[in-house]
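Structural description and commentary
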Number of protein chains: 2
Amino acid sequence: MALADPTRRRIVEMLGEGALAAGEITARFEVSAPAISQHLKVLKAAGLVTVEVSGQRRIYRLDPAGLDAFEAWVRQVRGFWHASLGRLEQELANPEKDEGVV
Amino acid sequence: MALADPTRRRIVEMLGEGALAAGEITARFEVSAPAISQHLKVLKAAGLVTVEVSGQRRIYRLDPAGLDAFEAWVRQVRGFWHASLGRLEQELANPEKDEGVV
DNA sequence: TTTGCATTGACTTAATTAAGTGGATAAAGA
DNA sequence: TCTTTATCCACTTAATTAAGTCAATGCAAA
């Protein structure tokens, strides 16, 4: 699950504030550049983010469609209309049948 | 010309002592890893070195055939049997018709 | 129960590709 | 003769791919 990892959730939160280049995301963490690159790959494969190539840079943005799908999943699983990453944390700590979601 | 650059000539000299991984070559210079990678690419395209992939490493070695061709070129240009990199330096400082060689 | 083994996932290191910069050189026109 | 313009070429930064480590998890056999 793309959002099962706390680092990836933090990336999604960051992108919620606005688009960022891969290097800007890396700078906000203490792990290596390849580690972030790999997380971004997972998020992209899950349809949660998009990339725009801008010269040497790769600009990452949240993908509204992917977030919609994610929100729908949260509604289904929890019965809430407004998902918070805090509650999601609880959910993910006790995974039942989350297969194939986002 | 692959051997026109002093960095590349130093790489060839180093490999004369024995095979080295790309990273070991990089460590012996003060330029970035991509810069060395690019030099190695030129040397490989010129047939002067070979690469062996060994797990995560790329082992670079002199290619005897390429060196033979180079030696033949030096003989032709200078009329000497034993080329020295020092004399080559002189030659390359005043290039006349070195096209297509090595 | 427990032991052993295969799988998964986040991470690192090694190396490269891609894109852009800056300096030197050469050719061409005023 | 200048000057300008174009082209190389070595280099850097940005980002990635590939390969391997390590710890946690799951699970089947003893």
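For the structure, see preceding data.
Residues numbered from 1 in each chain as written. Chains lettered and ligands numbered in written order. Predicted model: local features only at pLDDT ≥ 70, side-chain atom pairs only at ≥ 80, totals over all residues. Heavy atoms only, no water.

**Examining the overall build of chain A**
- Of the regular secondary structure elements, chain A holds 5 helices and 3 strands.
- Starting at the N terminus, the α and β elements of chain A follow one another as α-β-α-α-β-β-α-α.
- Looking at chain A as a whole, 30% of its 102 residues are labelled buried.
- Put simply, of all contacts in chain A between residues at least 6 apart along the chain, 47% involve residues at least 24 apart.
- Carbon and sulfur atoms make up 49% of the accessible area of chain A, which totals about 6500 Å². (Helix = DSSP H or I, 4+ residues; strand = E, 2+ residues; numbered from the N terminus. Buried < 20%, exposed > 50% of the residue type's maximum accessible area, 1.4 Å probe, protein only. Contact = heavy atoms within 4.5 Å. Areas by Shrake-Rupley, 256 points an atom, 1.4 Å probe, with all protein chains shown as cover.)

**Some remarks on the sheet that holds strand β1 (residues 20–21) of chain A**
All names here are of chain A.
- Judged by pairing direction, the sheet is antiparallel, and its 3 strands sit side by side in the order β1-β3-β2 without closing on themselves. The open sheet is flanked by β1 and β2 (49–54), the only strands paired with a single partner.
- Contacting β1, β2 and β3 (57–62), helix α1 (residues 6–17) runs over the sheet at an angle of about 90° to β3. (Pairing = 2+ DSSP bridges. Axes fitted to C-alpha atoms, helices over the stretch in contact; angles between N-to-C directions.)

**Focus: the pattern of salt bridges**
- Counted by the stated rule, this structure contains 2 salt bridges over all chains.
- Here Arg61(A) makes a salt bridge to Glu52(A), at a shortest N to O gap of 2.8 Å. (Salt bridge = Lys/Arg side-chain N within 4 Å of Asp/Glu carboxyl O.)

**Concerning the protein's contact with DNA strand D**
- Not every one of the 22 residues close to DNA strand D is listed here, only the nearest: Gly23(A), Gln56(A), Tyr60(A), Ser32(B) and His39(B).
- Protein-proximal atoms of DNA strand D, defined as those within 4 Å of the protein, fall in sugar or phosphate at a share of 64%.
- Ser37(A) places a polar side-chain atom, nitrogen or oxygen, 3.2 Å from a phosphate oxygen of DNA strand D.
- If you list the elements that add at least two residues to the surface near DNA strand D, you get α2 (22–27), α3 (33–45) and β3 of chain A together with α1 (6–17) and α3 (33–45) of chain B. (Near = heavy atom within 4 Å. Polar contact = N/O pair within 3.5 Å; in protein donor to acceptor, adjacent residues only side chain to side chain.)

**Points about the protein's contact with DNA strand C**
- Neighbouring residues of DNA strand C: 22 residues in total, closest Ser32(A), His39(A), Gly23(B), Gln56(B) and Tyr60(B).
- When atoms of DNA strand C within 4 Å of the protein are sorted by moiety, sugar and phosphate together comprise 65%.
- Measuring from a phosphate oxygen of DNA strand C, one finds a side-chain N or O atom of His39(A) at 2.5 Å.
- Here a phosphate oxygen of DNA strand C and a side-chain polar atom of Tyr60(B) are 2.5 Å apart.
- Broken down by secondary-structure element, the contributors of at least two residues to the surface near DNA strand C are α1 and α3 of chain A together with α2 (22–27), α3 and β3 (57–62) of chain B.

**Topic: the sheet that holds strand β1 (residues 20–21) of chain B**
All names here are of chain B.
- With antiparallel pairing, 3 strands are arranged side by side in an open sheet as β1-β3-β2. Strand pairing shows two members of the sheet lacking a second neighbour, β1 and β2 (49–54), which therefore form its edges.
- With 2 bridges joining them, β1 and β3 adopt antiparallel strand pairing. Bridge pairing in β3 links Leu20 to Tyr60.

**What to know about the pairing of β2(A)**
Residues and elements named next belong to chain A.
- Examined bridge by bridge, β2 and β3 share 6 bridges and lie antiparallel to one another. Looking across to β3, one finds that Val51 is bridged to Tyr60.
- Here β2 folds back onto β3 in antiparallel fashion, the turn holding 2 residues, of which Gly55 has a positive phi close to 65°.

**Here we look at α3(A)**
All names here are of chain A.
- Under the 1.5 Å per step criterion, the end-to-end length of α3 is 18 Å for 13 residues, consistent within 8% with the ideal 18 Å.
- The set of residues buried in α3 consists of Ile36, His39, Leu40 and Leu43. Angularly, the buried residues of α3 cover 100° about the axis, an arc narrow enough to put them on a single face. Within α3, the exposed residues directed more than 90 degrees away from the buried face are Gln38, Lys41 and Ala45.
- Buried positions along α3 lie against α1, α2, β2 and β3. (Expected span 1.5 Å × (residues − 1). Arc of directions from axis to C-beta.)

**Remarks on the side chain of His39(A)**
All names here are of chain A.
- Among the secondary structure elements, His39 is positioned in helix α3.
- Exposure remark for His39: the relative accessible area of 16% places this residue in the buried category.
- Setting aside residues up to four positions removed in sequence, His39 forms contacts with Asp5, Thr7, Arg8 and Ile11.

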